[in-house]
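Descriptive analysis of the structure
What follows is the residue order along each chain.
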Amino acid sequence: MIKEKEYVKRRSALVKKLKRHSITILLSAKAQQRSNDTEYPYRQNSNFYYMCGFKEDNAALVIVKKDKNSKTYLFVQKKDELLELWTGKRLGKKEAKAIFNVDAVFTMDKFDKQITELFKDKLSLYFDFTMKDERVDQLRELGSNLLCHYNISHKVGELRLCKSNAEITLIKKALSITKEAHHLAMSKAKNLNSEDELQAEIEYVFKKRGAYSDAYTSIVACGNNANTLHYIKNDEKLQNNKLILIDAGCEYDYYASDITRTIPVNGKFTQAQKELYSMILSVEKEIIRMVKAGVMRTDLHTKSEELLCEGLISLGILKGDVKKLIKKKKLKKYYPHGIGHWMGLDVHDTGPYKDTKGKEIPLLAGMVMTVEPGIYIPEDDTSVPKRFRGIGIRIEDDILVTKDACENLSNEIFKEIEDIESL
Ligand code: GLY
Ligand code: MN
Ligand code: MN
């Protein structure tokens, strides 16, 4: 759990980044309609959550900065006995004031009036204008007299880049559940019929162990399906002698995990699968060894391209010179994505990759990033030796950057061939 003290600290850090005479508005996520009158399970907006930890719908956090001083206001839903009967208890204004260390709590029905008042002598408005929400236009309208409109998400994103100890603890907890799920998948795949059956086993562990849900829709892709990068249909039969690419991670108390393992359906890798897998695994380990503060993510990517390209040449899948193959995008066909991304409250964490001047941000101690090289060879690619066709492999771990090195937070999730086969 993140303590209130930490939210207060985050808000002071944000205030330091804001212009004087500004108003900052962060909105809660809107409940999303699934169909007719059913909704998706509610999940709070990550930026809003990061700044205050409030989990309810229909809420707003407002920070007003005058000179150096600032005031913080939380807007919450009004108590309503009848609605609470249907959708559950609301904290309400009084309780919220007791829990959250803000200057005042108002109910949401006062929002427009209060905001209009607060806008009066301000010069700048900070807001996430990219939110898909009708309230965005409303706020743009209300704030039309303010000179400058800024996007707040870049600033919150900067704060979210480096994780606190409490955040790392939650990511580790998510990973301990995800580990159990992947190990269960390794031991059960042989006895299951379909991708969705395997998906259900994985997500059963997520729920049973207290995760909110998956952090993203699980990918369970057997054989050639692994060559569709965002394969989420997961509705085909598991075929003997094929591999299954499983990209699945749970979200625990708002924090993501993001793990890919590629395992044989029947528990044993074929010779061709083994050769390709070992090559990718050694690249993954090599890149992880490079991770430390000060290194550029793009350099990790470039190195992964070189290593994977060399590997494909040595397996006879590509022919020619490494540099030329990469330049001519011949490798991109088999390695079309990046080496990894920031991870935290979101699986693809929204922390920026470049600073406001457009310069790449180097790895910093406390960042968590994925390392996830993969090779995808379509079954109809006749330019590749037949034994490799239809194989897609990715290996993905979650890495904490430290000052002089890194810590592989998912180190305990099996990825060595012998370990996978032993399960
Ligand atoms: N699970 C999404 C990704 O690996 O980036
Ligand atoms: Mn990832
Ligand atoms: Mn993933």
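One can find the structure itself at the top, above this paragraph.
One structure accompanies this document, and this report is about it. From a predicted model like this one, the values you see are computed outputs, not experimental measurements.

1. Section: the sheet that holds strand E8 (residues 148-151)
Reading across the sheet, the 6 strands line up as E6-E5-E4-E1-E7-E8 and stay open at both edges, with mixed pairing between neighbours. Only two strands of the sheet have a single neighbouring strand rather than two, namely strand E6 (104-107) and E8. Strand-to-strand twist of the sheet, defined as the mean angle between neighbouring strand axes without regard to direction, takes the value 20°. Sheet topology note: the strand E1 (residues 22-27)/strand E4 (residues 60-65) ladder contains 6 bridges and is antiparallel. Residue pairing in the sheet places Ser 22 in a bridge with Lys 65 of E4. This element, helix H1 (residues 4-17), spans E4, strand E5 (70-76) and strand E7 (124-127) of the sheet and lies at about 50° to E4. Packed on one face of the sheet, helix H7 (residues 152-161) meets E1, E7 and E8 and runs near 40° to E8.

2. Concerning the site of ligand 1
Every residue lining ligand 1 is accounted for by Tyr 216, Asp 247, Asp 258, His 341, His 348, Glu 372 and Glu 396. Within the side chain of His 348, one N or O atom sits 2.6 Å away from an oxygen atom of ligand 1. In the complex, 86% of the free accessible area of ligand 1, which totals 190 Å², lies under the protein chains. Tallied by class, residues from the shell around ligand 1 come to 1 nonpolar, 2 polar and 4 charged.

3. Things to note about the coordination of the manganese ion (ligand 2)
Each donor-metal-donor angle would ideally measure 109.5 degrees in four-coordinate tetrahedral geometry, or 90 or 180 degrees in six-coordinate octahedral geometry. Bound to the manganese ion (ligand 2) are the protein donor atoms Asp 258 (OD), His 341 (NE2), Glu 372 (OE) and Glu 396 (OE), situated 2.0 to 2.2 Å from the metal. One way to put it: the 6 donor atoms around the manganese ion (ligand 2) meet at angles of 52 to 155°, and that makes the site irregular. Here the manganese ion (ligand 2) and the manganese ion (ligand 3) are spaced 3.3 Å apart, and both take Asp 258 as a donor. Of this pair, His 341 sits in the loop between helix H12 (322-327) and strand E15 (368-371) while Glu 396 sits in the loop between strand E17 (391-394) and strand E18 (397-401), and the two are 55 residues apart along the sequence.

Quick notes on the rules
Sequence order as written defines residue numbering, which begins from 1 separately in each chain. Naming scheme: in the order in which they are written, chains are lettered from A and ligands are numbered from 1. Selection of residues for local features in this predicted model requires a pLDDT of at least 70, selection of side-chain atom pairs for listing and counting requires 80 or more, and totals for whole chains, interfaces and linings are taken over all residues. Side-chain figures throughout are based on the complete set of non-hydrogen atoms in the structure, without hydrogens or water. For two strands to be treated as a pair, DSSP must find no fewer than two bridges joining them. Secondary structure counts use DSSP, requiring at least four H or I residues in a row for a helix and at least two E residues in a row for a strand, with both numbered from the N terminus. For helices, the fitted axis covers only the stretch in contact; all axes are lines through C-alpha atoms, and the angles between them, taken along N-to-C directions, range from 0 to 180 degrees. The contact rule is simple, with two residues in contact once any of their heavy atoms fall within 4.5 Å. Throughout, near means a residue has at least one heavy atom within 4 Å of the molecule or strand. Definition of a polar contact: a pair of N or O atoms within 3.5 Å, with one able to donate and the other able to accept a hydrogen when the atoms are protein atoms, and with sequence-neighbouring residues admitted only if both atoms are side-chain atoms. Using the Shrake-Rupley algorithm and a 1.4 Å probe, accessible areas are obtained, with residue cover drawn only from the displayed protein chains. Asp, Glu, Lys and Arg are counted as charged, while Ala, Val, Leu, Ile, Met, Phe, Trp, Tyr, Cys and Pro are counted as nonpolar; the rest, among them Gly, fall into the polar class. The donor set comprises N, O and S atoms within 2.8 Å of the metal, extended to 3.2 Å for Na, K and Ca; water molecules are omitted, so apparent gaps in a site may simply reflect that omission. Under this scheme a four-donor centre is tetrahedral when all angles range from 85 to 135 degrees, a four-donor centre is square planar and a six-donor centre octahedral when opposite donors are above 155 degrees with the rest from 65 to 115, and any other centre is irregular.

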